[in-house]
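# Tertiary structure, described
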Amino acid sequence: MLLSIPSKLKPPIPKILISILLTSQTTYHTFSLSLLQTHKLFNHFTQILCHALTSGYFTNPYISSQLLNHCLSNPDFTLTFSHTLFSQIPNQNVHSCNFLLRAYSHSTFPEQAISLYNQMMRKSMILDNFTFPFVLKACGRLNSFHKGVEVHCVSLKMGFGFDVFVQNALVYMYFQCGVIEFAQKVFEYMPDSVRDVVTWNSMISGYLQCGFCHQAVKMFGKLLLRSGVRLNDVSIVSALTACARTGLLDLGKKIHGLIVVYGLVIDVFLGSSLVDMYTKCGRLEDARKVFDRLLDKNAVCWTSMIAGYLQSDMFKEAIELFREMQMAGVKAEPATIACVASACGHLGALVLGRWVHNYCEKSGIEMNLVVKNSLIDMYSKCGLVDKALEVFYLLSNKDVYSWSMMISGLAMNARSDEALQLFSLMEGSSGVRPNGVTFLGILSACSHGGCVGDGFYYFEKMTGQYKLSPGVEHYGCLVDLLGRANLVVEAMEFIRYMPTQPDAIIWRSLLFAGSRHGNVELAEVAAKKISELEPEKCGAHVLLSNAYASASRWKDVRMVRRNMGAEGIQKQPGCSFIEIDGSVHEFLVADSVHCQIDVICNTLQAMNVVLKSRVFELDFLDY
């Protein structure tokens, strides 16, 4: 193949450069390398390359390797162009091959690195300790375990059994392939003198990647005991991630202390990890302190804090922080948009949710699948189901969460028939297999639609056809389904023969059913069970009191209230949200802290006067 230099990379070559290039090979060799490292003359790289090809200097192995390396480092050249240049090297050596191996191992075509390695082996080329890490990285990315084992054997035969670069690459490759025991053996066979901080970090991050968080924590503890190895930011971030996933708050605090002791600067990398650890451990105040002390917060830091508020059901705080992020001039990422849209959905803040949608489109933020799924959920929870359907049907790559969220959205908005039809469409044409969340939406649709037979039909399909194990929430949907249909006796029997222990949610569904249909005895049984499972919560007492009130058993109502006081149980105040001009206002029972509480009270009193007036009563009767 003939090498074609892109025309845009051919600026006029200075006369002084021509004269230098026409000198001896030694002069050319020295000048070309220094020239390529000079930013001012970097645009003349193509002239050097052209001259090397036409003058014959390209046959020099060192020159051709360096030219290839710089070509691979220049984003103006494609990987295909670099490969073509490589193919014209008449005497390819291990250095030129390594340059191309590195590029392929990091590219979207890692299989090309394997192909090049096979060619090197067929040519009996002498490989070095830089060759194997690139090939092993490609094996890991391709999840090619057997090829990785083959490369491992070759590296041992060539004497790289104790080379730190090769061994670290082996640890990475085996973890990427999910073969943890092989990665452990490689680590165990490495002498302490060979292991460096990259070795330990590879083990910690590998355990995290495979879901073995406690093993990652133990490995971090062993690293701390090694006096010859100094941990770095990667070590600490991995350990903080393990603490976040396992809820090890005390250890996370100690690691925070280590950061201070080591004198490490809490930059956005460490800061976002600390925020994530504290939020996942339920310490929002500590997370906010770390967040506020960060000097240059990037989008990851803001998103970590917003996600922390979202996980703790502090939706209003999440939205307020997003507003601060906008005022700070930080462009949101797709993960940020997904969190904020979810918060808007929980608060019913439709106006703000729409603004977030428009902001995402106008700012050029990637509307990936996670963002669109969150928009479907937001529009559904805000009652705008048709808009949710519009987003859903425009999706070209619907996953199981897209289908599940849309089915659940139709169910919660009393469009049960459409939810069941959408599930049939999912089964028939999507190629996506439903999961437990999908069937949770289906059972909820059956419950809201009063479709008892359909509910048990889909439950049987879930366990029989799809071999999915139902959770307590699925059984709760069936109890709610029977309760709504006034089949409270059947619901009680269903609970009795459940293979799993009923939780408070199931008993609460039964309590609702008993209260709704006047079955006070059943409500009493359910309330007793709830009190045993949640002795400190007021929900069961309040619902039972309402059931007594519905049956006009006022003496029992007073008794329940007295018992709540005697047991020190306080009713949680009711809370309402209202969105005005994109701002969400929160109100509690007997609230007096709102900034406009005086205006609100005066307006309510004025409305009360109007409602009680004779003029209003006559107007109402005439109507």
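Residues numbered from 1 in each chain as written. Predicted model: local features only at pLDDT ≥ 70, side-chain atom pairs only at ≥ 80, totals over all residues. Heavy atoms only, no water.

Regarding its fold elements, the protein chain presents 35 helices and 2 strands. Within the protein chain, the proportion of its 623 residues that are buried is 47%. In the protein chain, the proportion of contacts linking residues at least 24 apart, taken out of those at least 6 apart, comes to 61%. For the protein chain, the computed accessible surface area is about 32200 Å², with 56% contributed by carbon and sulfur atoms. (Helix = DSSP H or I, 4+ residues; strand = E, 2+ residues; numbered from the N terminus. Buried < 20%, exposed > 50% of the residue type's maximum accessible area, 1.4 Å probe, protein only. Contact = heavy atoms within 4.5 Å. Areas by Shrake-Rupley, 256 points an atom, 1.4 Å probe, with all protein chains shown as cover.)

Bringing the packing of helix α4 (residues 61-73) against helix α5 (residues 79-87) into the picture now. The interhelical angle for the contact between α4 and α5, taken along N-to-C directions, is 175 degrees, at an axis separation of 9 Å. In terms of orientation, α4 and α5 fall into the roughly antiparallel class. Judged by residue contacts, Leu67, Leu68, Cys71 and Leu72 of α4 engage Leu79, Phe81, Ser82, Leu85 and Phe86 from α5. (Axes fitted to C-alpha atoms, helices over the stretch in contact; angles between N-to-C directions. Parallel < 35°, antiparallel > 145°, perpendicular 65-115°, else oblique.)

Counting through the fold element by element, Lys461 comes out in helix α27 (residues 452-464). Here Lys461 is in contact with Phe423, Glu427, Phe439 and Tyr466, once residues within four sequence places are set aside.

Moving on, we come to the environment of Leu369. By the secondary structure assignment, Leu369 is in helix α22 (residues 369-381). Spatially, the C-alpha atom of Leu369 lies 8.2 Å from that of Asp399, the residues being 30 residues apart in sequence. Discounting chain neighbours no more than four positions away, the residues touching Leu369 are Leu395, Asn397, Asp399 and Ser402.

Scanning the model with the defined rule gives 13 salt bridges in all. Close ionic contact of Lys387 with Glu390 constitutes a salt bridge, the shortest N to O distance being 3.3 Å. Here Lys387 and its partner Glu390 are both found in helix α23 (residues 385-393), 3 residues apart, which amounts to about one turn of the helix. Lys387 sits in the partly exposed class, given a relative accessible area of 23%. Taken together, the shared-partner salt bridges connect Arg288, Asp292 and Glu324 into one network. (Salt bridge = Lys/Arg side-chain N within 4 Å of Asp/Glu carboxyl O.)

Before going further, it helps to examine the packing of helix α28 (residues 472-484) against helix α29 (residues 488-496). Between two packed helices, both the angle of their axes relative to each other and the distance between the axes serve to describe the pair. At their nearest, the axes of α28 and α29 sit 8 Å apart, and the two run at 160 degrees to each other. Between α28 and α29, the angle falls in the class roughly antiparallel. The two elements α28 and α29 cross, and the hand of that crossing is right-handed. Contact residues: α28 offers Tyr475, Leu478, Val479 and Leu482, while α29 offers Val488, Glu490, Ala491, Phe494 and Ile495. Among the residues forming the contact of α28 with α29, the class breakdown is 8 nonpolar, no polar and 1 charged. (Left-handed = near helix turned anticlockwise from the far one by under 90°. Nonpolar A, V, L, I, M, F, W, Y, C, P; charged D, E, K, R; others polar.)

A few words now on helix α25 (residues 416-430). Between its terminal C-alpha atoms α25 stretches 20 Å, which fits the 21 Å expected from 15 residues at 1.5 Å a residue. All of the buried residues in α25 are Ser416, Ala419, Leu420, Leu422, Phe423 and Met426. Down the axis of α25, the sector holding all buried residues measures 160 degrees, keeping them to one side. Exposed and facing more than 90 degrees away from the buried side of α25 are Asp417, Gln421, Gly428 and Ser429. Backbone geometry just downstream of α25 places Gly431 in the positive-phi region, at approximately 75 degrees. (Expected span 1.5 Å × (residues − 1). Arc of directions from axis to C-beta.)

Across its 13 residues, helix α30 (residues 504-516) extends 18 Å between first and last C-alpha, which sits within 8% of the 18 Å expected from 1.5 Å per residue. Listed in full, the buried residues belonging to α30 are Ala504, Ile506, Trp507, Ser509, Leu510, Leu511, Ala513, Gly514 and Ser515. Positive backbone phi, at 75 degrees, marks Gly518, one or two positions downstream of α30.

It is worth spelling out the environment of Ser107 at this point. Structurally, Ser107 can be placed in the loop between α6 (94-106) and α7 (110-122). Each C-alpha atom, one on Ser107 and one on Leu79, is 8.7 Å from the other, the two residues being 28 residues apart in sequence. Residue contacts for Ser107: discarding those within four places in its chain leaves Leu79 and Arg141. There is a polar contact of 2.9 Å between the side chain of Ser107 and the backbone oxygen of Tyr104. (Polar contact = N/O pair within 3.5 Å; in protein donor to acceptor, adjacent residues only side chain to side chain.)

This part is about the nonpolar core. Taken as a class, soluble globular proteins show a tendency for nonpolar side chains to be buried jointly. Grouped together as the largest cluster of nonpolar side chains are 150 residues, with contacts concentrated most on Phe132, Met277 and Met406. The element contributing the most residues to this core is helix α18 (residues 299-311), with 8 residues. Ignoring any residue separated from it by four or fewer positions in sequence, one finds Met406 in contact with Ile376, Ser380, Val385, Ala388, Leu389, Phe392 and Leu422. Residues Tyr475, Leu478, Ala491 and Trp507 belong to the second largest nonpolar core, which totals 24 residues. (Core = buried A, V, L, I, M, F, W, Y, C linked by side-chain atoms within 4.5 Å.)

Attention shifts here to the packing of aromatic side chains. Ring pairs (aromatic) are described by centroid distance and by the angle formed between their planes. Tallied over the full model, the rule gives 20 aromatic pairs. Linked through ring pairs, Phe423, Phe439, Tyr457, Tyr458 and Tyr466 together constitute an aromatic cluster. Across the ring face of Phe291, the terminal group of Lys297 is positioned such that the distance to the ring centre comes to 5.0 Å. The aromatic ring of Phe392 is capped on one face by Lys398, whose charged end is 5.2 Å from the ring centroid. (Phe/Tyr/Trp six-rings, centres within 6.5 Å; stacked < 30°, edge-to-face > 60°. Lys NZ or Arg CZ within 6 Å of the ring centre and 35° of its normal.)

Turning to the state of the cysteines, a few remarks are in order. Covalent bonding between the sulfur atoms of two cysteines defines a disulfide. One pass over the structure, following the stated rule, counts 0 disulfides. For Cys344, which is in no disulfide, the shortest distance to another cysteine sulfur is to Cys382 and amounts to 7.1 Å. A relative accessible area of 0% means that Cys344 is categorised as buried. (Disulfide = S-S within 2.5 Å.)

Our focus in this paragraph is the side chain of Ser96. You can see Ser96 is positioned in helix α6. For Ser96, a relative accessible area of 0% gives the class buried. Those residues in contact with Ser96 that lie beyond four places of it in its chain are Ser65, Leu68, Phe86 and Ile89.

A separate point is the confidence of the model for the protein chain. On average, residues of the protein chain carry a pLDDT of 82, and 81% of them reach 70 or more. Of the regions scoring below 50 in pLDDT, residues 7-33 engages in 45 contacts with residues more than four places distant in sequence or in other chains. Across residues 35-42, confidence stays below pLDDT 50; counting only partners more than four residues off in sequence or on other chains, it has 10 contacts. (pLDDT = per-residue confidence, 0-100.)

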